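Observations on chain architecture
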Amino acid sequence: MMRLKTAVIAAGTLCLLAMHAAGPTAAQDGPIGIAFAEAPEQSSGVCTGQSTDKTLACAREKCVAGGAMAEDCLRVKWCYPAGWSADLFVQHQEGIHWHQYLCGWDSREALMAAVAVACDKSLRPYITECSAVRFWDNNGRELEAN
């Protein structure tokens with residue numbers, strides 16, 4: 001029993017030393033989150049980062065820079081970690097349209113399956129159009145929608 005206790009203490013000490021040796025930049029190299037802000041029918045903004053508040057504020061600022069008033073730019077989604085993400089354009093049969101955001105998916109394949117479900121008109125018969133217009137990989141890089 002004493003040997004097990006000594007081994008556990010030694011392992012814990014090694015972990016702490018390894019964390020200390022990694023230095024303060026190790027935390028900054030961790031996962032990122034993704035934030036979406038939108039002023040319906042006007043503008044939107046997307047940012048990535050590690051701080052929820054700062055990243056949502058950045059997305060809102062981009063929305064305002066796109067021409068909307070600050071009070072119209074709603075913070076609509078935050079995912080941490082960001083994972084694979086998509087911006088969907090969705091249009092209702094009555095003509096109104098909006099963007100729907102998918103985020104936090106483990107892979108491109110999983111994200112594409114989520115897009116297929118979100119745009120399945122048999123599940124959402126009131127939708128006349130639905131398509132992915134932008135993607136982000138799990139490192140926050142924007143990719144073209146094909």
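Note: the structure precedes this text.
Just so it is clear, the structure is predicted and the values come from calculations on it, not from any experiment.

1. Observations concerning the overall build of the protein
If you tally the helices and strands in the protein, you get 4 helices and 7 strands. When the helices and strands of the protein are placed in sequence order, the string is α-α-β-β-α-β-β-β-α-β-β. Burial status across the protein gives 30% buried among its 146 residues. Within the protein, contacts between residues at least 6 apart in sequence are counted, and of these 50% link residues at least 24 apart. Roughly 9,200 Å² of accessible area belongs to the protein as shown, and the carbon and sulfur atoms make up 59% of that amount.

2. Some words on helix α3 (residues 52-65)
The terminal C-alpha atoms of α3 lie 20 Å apart, and with 14 residues this matches the ideal 20 Å at 1.5 Å per residue to within 8%. Buried residues of α3: T55, L56, A59 and C63, and no others. Along the axis of α3, the buried residues cluster in a sector spanning 100°; they form a single face. Across from the buried face of α3, at angles greater than 90 degrees, the exposed residues are D53, K54, E61 and A65. Looking at the packing, one finds that the buried side of α3 touches β1 (33-39), β2 (43-49) and β3 (74-79). Residue G67 follows α3 closely and has a positive phi angle near 115°.

3. Regarding the state of the cysteines
Simply put, disulfide is the name for a covalent bond between the sulfur atoms of two cysteines. Evaluated as defined, the whole model comprises 4 disulfides. Residue pairing for C47: its cysteine sulfur links by disulfide to C58, the two sulfurs lying 1.9 Å apart. Looking along the S-S bond of the C47-C58 disulfide, the torsion reads about -60°, which is the left-handed sense. On the criterion of sequence distance, the pair formed by C47 in strand β2 and C58 in helix α3 is long-range, its members being 11 residues apart. By relative accessible area, which is 5% here, C47 ends up buried. A residue is classified by how much of its surface remains accessible, and C58, at 26% relative accessible area, is partly exposed. Sequence-ordered numbering of the bonded cysteines in the protein gives a pairing of 1-2, 3-4, 5-6, 7-8.

4. Examining the side chain of S85
Within the fold, S85 resides in strand β4 (residues 84-92). A polar contact is formed between the side chain of S85 and the backbone oxygen of A82, at a distance of 3.2 Å. Sequence-distant contacts of S85, defined by excluding residues within four places in its chain, comprise I34, F36, L102, C103, G104, L111, R134, F135 and W136.

5. Details of the pairing of strand β6 (residues 127-136)
The sheet contact formed by β4 and β6 spans 8 bridges and is antiparallel. By the bridge assignment for β6, F89 is matched with S131. Direction of pairing for β6 relative to strand β7 (residues 142-144): antiparallel, over a ladder of 3 bridges. Bridging across to β7, W136 finds its partner in E142. Between β6 and β7, which pair antiparallel and follow one another directly, the connecting turn spans 5 residues, one of which, G140, has a positive phi of 85°.

6. Some details on the nonpolar core
Membership of the largest hydrophobic core comes to 14 residues, with the highest contact counts inside it found for L88, L102, L111, V115 and C130. Taken together, the elements giving at least two residues each to this core come down to β4, α4 (108-118) and β6. What L88 contacts, discounting residues up to four positions off in sequence, is W98, H99, Q100, L102, V115, A118, C119, C130, S131 and A132.

What counts, and where the lines are drawn
Residues numbered from 1 in each chain as written. Predicted model: local features only at pLDDT ≥ 70, side-chain atom pairs only at ≥ 80, totals over all residues. Heavy atoms only, no water. Helix = DSSP H or I, 4+ residues; strand = E, 2+ residues; numbered from the N terminus. Buried < 20%, exposed > 50% of the residue type's maximum accessible area, 1.4 Å probe, protein only. Contact = heavy atoms within 4.5 Å. Areas by Shrake-Rupley, 256 points an atom, 1.4 Å probe, with all protein chains shown as cover. Expected span 1.5 Å × (residues − 1). Arc of directions from axis to C-beta. Disulfide = S-S within 2.5 Å. Polar contact = N/O pair within 3.5 Å; in protein donor to acceptor, adjacent residues only side chain to side chain. Pairing = 2+ DSSP bridges. Core = buried A, V, L, I, M, F, W, Y, C linked by side-chain atoms within 4.5 Å.

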